[in-house]
Amino acid sequence: MPTSPPTAIQTPMVEIIDVDAVAAPVANDMCHGYIFPVPDGCTPHSLYPFALHDHLSLPWDYSIVGHVLTLRARSCEVPNSIENICLPCRNLENNSVVLGIVKRMNEGVRESTNYMYHGFGTLTALVGRRNNQIRYLQLHGLNQARRLLVQTEALSDYKRFTLAIASGRYEHVDRLVRIALQQKRGIRGIITMYEAAATGVYQPRSYTERDDMRALLLGNRIAQIAHRALNLPGLTTIRRRSIMPHIIPSSQKPTVDEIQKNTVATFESIQEFLDGQQVVHQVLMFDEIATEKRVRWDHQTNMFLGICREHGSKTSLEFISEHDMEELFCCIDSGEVHEAAEATIGALGLLTDNHRLYPARPILISGDCKKETGREHAQVLQTVLDAVNLTKPSTHLRIVSIASDGETRRGTSFVQLTFKKELSPSSKIYPLVSCLPLMNFHVGDDDMTADKDWKHIFKRFRNLLLRTRGIVIMGIRITPSIIRLHLQEAGCTAVHLNAVFNPEDSQDVKLAFDLLKDIWNLPPASESRTPTFQASRDALRLLGRLLHHMVFPYICVDFSLSEQVEHLSGAIHLALALYHTSQKQFIPTLLYLDLAIMVKNVIFCIAKAKVDSPDSSFWIMLLGTDRLEELFGVLRTMVGTDANLDILQLGDRITGTIEVLNILAKYPEWDRAPRRLKLPPLTRDSSKLPDTTDHIKPGSWRGDVRVKNISLQTSWKRGRRLIESEHPQIALVLKEIDNLPGANILAPMGKLLVNTPLDDDDIDESFDITEVSPLHNEDSSSNPAEDARLDIEDSIADQSNLSPKTFNGFVTINGKQIPKSRALSLRSTYNKKASSTDRLKRVQEIERYSQTPSIENTLGNSLFGATCLMVQDPIATLLVCEGRAWLCIGEVNNILHDSKSVESIPLEILYEGTVSISFQLLGLRAATSDDDPTLQYDWRSFRSSTEKTCTIPGRLIEPIDVDTNLSIARQSFYSFKSSNLVAKSAILFERLKTEIKKLAVIKRTKYFPYREASGESPSSANKTIKLIECTYYTGKACFLCSTTLEVEDIASGIADICSLCSPEYPLDRMQPQRIFAHIGAHILYDKTVNREEEPCGLCLRPSLICKIYLKKGKGSKGGLKIDKLRSTCQMKDLKFLYTVAATSKESSPCSNVPIICPLCPKAAASVFKYNWKAHYANHHPHATYTNYASFGRLSKSETDEMKKVWKDRRKIPTKRVLKKKSLPPLEVSTAHSSGGVLDITSMAATDEPDNRGEVSKAYIEGESSEDEPSWDSDNRDGIEEDEDHENWYASEGDVDVEGVDGGISSDEEEDDKGMSDDGPKDPSNETHIIALDVQEEPTTLIELQDEPGPLIPSASDSNPNVHEDPEDPPVNGRLRRKRKAQEVIEEGFQQCLCGESAVSSEDVIICKNRGCETRVTLYRVTGHARHAQHRRREDVDE
């Protein structure tokens, strides 16, 4: 079926009318519409938004005629005005849509506006911009793709470079990249350079400053290895870039010219900084460093180095010919000159925070043989000062202080330089410091002051606390055992205590800080502790406050300068009060002086900074010698071997240390401070800063240290007020010092300490507590490695062309030209002596000596085993005072077992010979009702301001168990009963009779012997003042155990006598020179003495069985003394001064002291001088005697005087009485003494028994003469007795005993008749004395009173009547005294010594106490009270 063709779509016909061509009819009455305002230069065709009419219902229509756009409202009306516009069309002007269209026409349409608001023109422009954007993005994408392709290729190159770096074929990639970037190379160029460097074809040489610094830190050998292995700069590059000049060592005494050149050279590198300053403050520091005793040749000066400056002028030190060298070594061999054992280093340290400037800069290197006096050393220091002051115009440097570490010789020289005058009122700093109370104002030239290193003072305080004798604080002795006990109670572990109490390492600053901090952190003791423990804790806390105020200003980085001065002021005021109270017993005078000088210097330096640089800052940690110690540490590290440097090596290397210190100051992360020199910086609350903070430097300080913000007067007074508020008792002492004329911190007693000679026992043991014997010399064998190193150095010096040579380096020897250094090395081969390397070992943190085994294991765990004696336990013993033995109560402050300190010891070991006890004497006074409300106790203990410590063998003490009470002032004390003390004294005397010579001797004080109360009660003020003063009781002396005669008789029974003399010749240990002379005379002139046996110079026994070993005494000046532990002589305990005994003079001609044989082994015993020839013949027959004859050579005067001694050997020397201050005789309370009863017992032992049993002759011993010498406990050797010693005592007349034959002799009856003008005495006045025979107990006899009463009388009983008879003629200038015996009634025996009642049966009294059961036998005694004849007891006619 055919399809029809498609038909076309029919569309409606639209008529197009041209509105511009057809003119609309205009009627005059029609509205003309609103003429739309079109901007000038625009047509409505492109601006008007025609599309709005399609989207919005607009109330108008538009028409355009002649480019004029007309709007007519759809509600257009016939106009009624002459303007031909109706009201609706007029209102179109205010239509919001019309207004928006007008606004967009004038301002433009935003691109983001809806398209219907755009006209044709804006739409055309918008479409054009969009087309351009599309076109740009299309082209940009194409370019980006091409660029990504390039980057992909570059990324591949970078990956190749990364893989190349990871391969490790070349290490210094950073240096290679830096060079490539400087050459503007790309990654492919860098890869090419890397490949060349990896194959060794290319070596980059671009070194940075850090590379140079790293290389400078290495030694020559290590630098060469690092150059090849690590590609660091080589030696040539390092030397070329080094700017530090060479320091010239002084071959003799330093000259001003040498020091001036060194000063200019050392500051040349920082001259640009100094030029911009007006005044730069600096510290001149001095210290010594150990050197090898080796002579070297300096090729720059042609001088010998290594000779001491003290004696170097005695020979020529210029190396011109062979004769100069030979003459030098001849002088060394003869002892005319000496090789330098150490070098004095002088350095300048600027007081600034610039890390490049404040390292120590050495200007002096001078050899020393340690024989220079303080005055000679002061001349050396003055030379250095003069040289530095000459450079002041160019360097602008002002020396404000000279510092040292506390060495005694330098301290003397510092006094001469810095105590020349008092501060002048015209000085600029006078107004700042003159207002400081108790300040010392002595200064040197330019107001210069001395300074002591603060770290050394910290270490010395620790060393002082570790010494056995301890320190005394307000009357309480603190020993290491006491400190350890309190720290252990406070919670410190045993490991920690063993570390801080290790005496082998006395130079560790960290250990010193740990111990001092432990002490100042001790809490108060609980009231439940013993009174001794509480008093010791209070004293330790007082010491802790001193240590805290002394240490904290230097380590608390949050402190301002004002706070630092406040704490230092508190420290020195507290130390001043404690030293004023106990003096050298507190701390040695030298240590106190150094502390006071350190604080004074801080004040004066701050004052100078306020005057010269008011806007500057001041760091007190830069004072002292710490920076010089850092330089020494770096110097020892640079050596590289375990040996000291010689003077030449020291001069070559010391300038390099300055560069090293500068480098480490700029790069502190490279440095690790030595542990032994590191102090932890603390915050204000005592918390430690992170470990990254090493040395305390100005850069790490956070407090305000500007000098303009400190008032010295305010801070000084606030420091004192702080101490006075914390410790009221210190305020009283400081007030007393204020009233003392001339008193200041350097004159605690009103006299300047720096000008006061020290006492012999004022030894500063704080420098080094380890006692070293000088007899064990170092091995003098040569070291091949050291010799090879010296040869290399000499060869380098000979071939070095770094500086032009001006001297001939060769010398002619035997016709051959030999380098001077080689010739000197060959000549000194047999003179080499390797010195000790202990200081280097300490820097390397190696202990100086091997640890000694602890004795704790040998004693066992005695705390839970047997009963033991502990530190601070109370004990009883006997002391000899004025020739009589008295009971003493003390408290233990140290226990020594085999010379090692222990905290406790079992009682079964206490009586061994290896144990010694140190105890502090306690005072006793009568107890009051306030002390003991129960009235059970008669005595109480107290502490006096005068401290006394005694050390005796352990067998001489008796532990006691006492009760503890608490006073109203909250002070604990011990309480005692009179009966217990009397019984204890009697028992001790009986047990210690054979040890009477071992008892300690003490002078009479107002606190000992103990006294009864004199009726005066303590004032309320005394009760409130703690540890300052106690009431002084002037009553009768109590607890006498023996009379003077008994002590002498007992001592004479165990006296030393000469083994060869007949009759016996006594050897008085109090006169050691006489012992040496008497025994020496036997050795020289007694034919019975076999000198080939080398008899002992003290006891004449052969040397095979009697050996004497020597050791060095304590302190830096300690001489030789007998080593009691190793010696076997029975006289090894003899006390004498070695230097005095070894010197022959007219008063003591004998010089026969033990000496050290230079040929014997180190551990051999000593040889007495008079035996030297026999010893040489017996032991060293093959040695040349003439070389050693001086050891035993005697002068003619000594030989002549010793002949006189031998001739007068049988004459017993008389003793002289030293004229001393006379004291009134002691009045003894027999009620509190056991001496009178013991006298009866001792007399009974001498009587002959008859067929009716034992007979006792009794007498009552009275007071000794007023001329009796005072016994000095500190110097017993110097006490001599009167030749008529028997006149000290009075023997009583014979006494008849009822029932025993005997009577009074006729001579004595005649004496009786002359005693009284009244004729015969009434029998009723006869004296009755009871002699007691005590069994089961040591013999103790008690004298009874007239009235019935207890066996032990009360403290209120009176003494026997003792008076002088004016008619008695004097004997030897002394008045006789009449002793009247007391009347005793046997009914008075009702109570035993133990306090229990007794049962009497006729003449026997038996105690009822089970376990005591003491039996007392009574004898009726009659007789006359007769005046005693002045004669010895053995002369009494029986």
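Calculation rules
- Residues numbered from 1 in each chain as written.
- Predicted model: local features only at pLDDT ≥ 70, side-chain atom pairs only at ≥ 80, totals over all residues.
- Heavy atoms only, no water.
- Helix = DSSP H or I, 4+ residues; strand = E, 2+ residues; numbered from the N terminus.
- Buried < 20%, exposed > 50% of the residue type's maximum accessible area, 1.4 Å probe, protein only.
- Contact = heavy atoms within 4.5 Å.
- Areas by Shrake-Rupley, 256 points an atom, 1.4 Å probe, with all protein chains shown as cover.
- Phe/Tyr/Trp six-rings, centres within 6.5 Å; stacked < 30°, edge-to-face > 60°.
- Lys NZ or Arg CZ within 6 Å of the ring centre and 35° of its normal.
- Salt bridge = Lys/Arg side-chain N within 4 Å of Asp/Glu carboxyl O.
- Pairing = 2+ DSSP bridges.
- Axes fitted to C-alpha atoms, helices over the stretch in contact; angles between N-to-C directions.
- Parallel < 35°, antiparallel > 145°, perpendicular 65-115°, else oblique.
- Nonpolar A, V, L, I, M, F, W, Y, C, P; charged D, E, K, R; others polar.
- Expected span 1.5 Å × (residues − 1).
- Polar contact = N/O pair within 3.5 Å; in protein donor to acceptor, adjacent residues only side chain to side chain.
- pLDDT = per-residue confidence, 0-100.
- Core = buried A, V, L, I, M, F, W, Y, C linked by side-chain atoms within 4.5 Å.

**Q** Looking at this structure, I do not really get the overall build of the chain. What am I missing?
**A** Check the secondary structure of the chain and you find 42 helices and 43 strands. A burial count over the chain gives 50% of its 1438 residues as buried. In the chain, the share of contacts with a sequence separation of at least 24, taken over all contacts with a separation of at least 6, comes to 73%. Counting every atom, the chain has about 69200 Å² of accessible surface; 51% of that belongs to carbon and sulfur.

**Q** Any chance you could explain the packing of aromatic side chains here in plain terms?
**A** Inspection of every chain in the model, using the stated rule, returns 22 aromatic pairs. With 4.6 Å between their ring centres and 10° between their planes, W454 and Y554 make a pair best called stacked. With W454 in helix α18 (residues 454-466) and Y554 in helix α22 (residues 531-555), this pair connects stretches of sequence that are 100 residues apart. Of the two residues, W454 and Y554, both sit in the buried class. Their ring planes at 75° and their centres at 5.5 Å tell us that F552 and F559 sit as a pair that is edge-to-face. Exposure class is identical for F552 and F559. Each is buried. Grouping aromatic residues by their ring pairs yields a cluster made of F36, Y48, F50, Y62 and F120. Of note, K600 hangs over the ring of F419, and the distance from its end group to the ring centre comes to 4.7 Å. The ring of F319 has K820 lying over it, and the distance from NZ or CZ to the ring centre is 5.3 Å.

**Q** Help me understand the pattern of salt bridges, please; the structure alone is not making it clear to me.
**A** For side chains of opposite charge, pairing can occur when their charged atoms come near one another. Inspection of every chain in the model, using the stated rule, returns 35 salt bridges. Note that E195 and R169 form a salt bridge whose closest N and O atoms lie 3.2 Å from each other. With E195 in helix α7 (residues 187-198) and R169 in the loop between α5 (120-167) and α6 (173-182), this residue pair connects regions lying 26 residues apart in the sequence. A salt bridge links R702 to D558, with the nearest nitrogen and oxygen atoms 2.8 Å apart. Pair noted here: R702 is in the loop between α26 (647-666) and α27 (712-726) and D558 is in the loop between α22 and α23 (561-582), with a separation of 144 residues, a long-range link.

**Q** Can you help me understand the pairing of strand β15 (residues 810-813) in this one?
**A** Each regular strand carries side chains that alternate between the two faces of the sheet. A one-sided burial pattern is seen for β15, the buried positions being V811 and I813 and the unburied ones F810 and T812. Relative to strand β16 (residues 816-819), β15 runs antiparallel, the two sharing four bridges. Residue pairing in the sheet places F810 in a bridge with P819 of β16. Hairpin connection of β15 to β16: two residues between the antiparallel strands, including N814 at a positive phi of 55°.

**Q** Explain the pairing of strand β18 (residues 874-881) here, please?
**A** Within β18, eight of the eight residues are buried, which leaves the element mostly enclosed by the surrounding structure. What you see with β18 is no split at all: P874, A876, L878 and V880 on one side and I875, T877, L879 and C881 on the other are buried throughout. Pairing of β18 with strand β19 (residues 884-897), which is carried by eight bridges, proceeds in the antiparallel orientation. From the neighbouring strand, V880 faces β19, where its bridge partner is A885. As consecutive antiparallel partners, β18 and β19 are separated by two residues, and within that stretch E882 has a phi angle of approximately 55°, a positive value.

**Q** Is there a simple way to think about the sheet that holds strand β1 (residues 34-35) in this case?
**A** Backbone hydrogen bonds hold the strands of a sheet together, and the pairing may be parallel or antiparallel. A sheet is described by the order of its strands in space; here three strands give the open sequence β1-β3-β2, paired in antiparallel fashion. At either end of the open sheet lies a strand with only one pairing partner, and these are β1 and β2 (60-65).

**Q** Would you mind going over unusual backbone geometry with me for this structure?
**A** Where the residue is not glycine, phi is negative for most of them; where a peptide bond is considered, it is trans in most cases. The linkage connecting F1008 with the following residue, P1009, adopts the cis geometry, with an omega of -5°. Here the amide bond leading from S1062 into P1063 is cis, since omega sits at 5°, within 30 degrees of zero. Look at L438: it is not a glycine, yet its phi comes out positive at around 65°. Along the chain, the position of L438 falls in the loop between α17 (430-433) and β11 (442-443). For Q583, which is not glycine, the phi dihedral falls at a positive 55°. Tracing the sequence through the fold places Q583 in the loop between α23 and α24 (589-612). For Q583, a relative accessible area of 36% translates into the label partly exposed.

**Q** Is there a simple way to explain the packing of helix α37 (residues 1072-1085) against helix α40 (residues 1196-1207) in this structure?
**A** The description of two packed helices rests on the angle between their axes and on the distance between the axes. Remark: α37 packs on α40, axes separated minimally by 9 Å, with the N-to-C direction vectors making an angle of 100°. When the axis of α37 is compared with that of α40, the two are roughly perpendicular. Of the residues in α40, those touching α37 at A1077, H1078, G1080, A1081, H1082, L1084 and Y1085 are T1199, M1202, K1203, V1205 and W1206. The residue makeup of the contact of α37 with α40, split by class, is seven nonpolar, four polar and one charged.

**Q** I'm lost on α5 in this one. Help?
**A** Residues lying three or four places apart along an α-helix face the same way, a consequence of the helix completing one turn every 3.6 residues. Here α5 is 48 residues long and its end C-alpha atoms lie 69 Å apart, about the 70 Å a rise of 1.5 Å per residue gives. For α5, the full list of buried residues reads L126, A154, D157, F161 and A164. Against α6 and α7 lie the buried residues of α5. The first or second residue beyond α5 is G168, which carries a positive phi of 70°.

**Q** Would you take a moment to explain the environment of F632 for this structure?
**A** Relative to the assigned elements, F632 resides in helix α25 (residues 626-639). F632 sits 344 residues away from E288 along the chain, and the two C-alpha atoms are 9.5 Å apart. Apart from the residues within four sequence positions on either side, F632 is in contact with D287, E288, I289 and I345.

**Q** Would you take a moment to explain the side chain of S1148 for this structure?
**A** For S1148, the location among the structural elements is in the loop between α38 (1138-1141) and β34 (1154-1155). Since its relative accessible area comes to 8%, S1148 is described here as buried. Among the polar contacts listed, one links the side chain of S1148 to the side chain of Q1073, at a separation of 3.5 Å. When residues no more than four places from it in sequence are discounted, the contact partners of S1148 are Q1073 and T1143.

**Q** Sorry if this is basic, but what is going on with the side chain of K459 here?
**A** Looking at where K459 falls in the secondary structure, it is placed in helix α18. Residues contacting K459, with those up to four places away along its chain left out, are S506, Q507, D508, V509 and A512.

**Q** Looking at this structure, I do not really get the confidence of the model for the chain. What am I missing?
**A** Do not read the predicted coordinates in detail wherever pLDDT is low. Residue-level pLDDT values for the chain average 74, and 69% of them are 70 or greater. Here residues 1236-1389 is a poorly scored stretch, pLDDT under 50, and it has 333 contacts once near neighbours within four places are set aside; other chains count.

**Q** When you look at the packing of α27 against helix α28 (residues 728-738) in this model, what are you seeing that I'm missing?
**A** It is the contact of α27 with α28, at a shortest axis distance of 5 Å, that shows an interaxial angle of 130°. In terms of orientation, α27 and α28 fall into the oblique class. Seen from α27, the contacting residues are R720, I723, E724 and E726; seen from α28, they are P728, I730, A731, L734, K735 and D738. Residue composition of the contact of α27 with α28, grouped by class: five nonpolar, no polar and five charged.

**Q** Just to check I follow, could you spell out the nonpolar core for this structure?
**A** Among soluble globular proteins, nonpolar side chains are generally buried collectively. Ranked by internal contacts, the top residues of the largest apolar core, which has 200 residues, are F461, I473, M550 and F618. The biggest single contributor to this core is α24, with 15 residues. Grouped together as the second largest cluster of nonpolar side chains are 36 residues, F1076, L1134, Y1138 and I1155 included.

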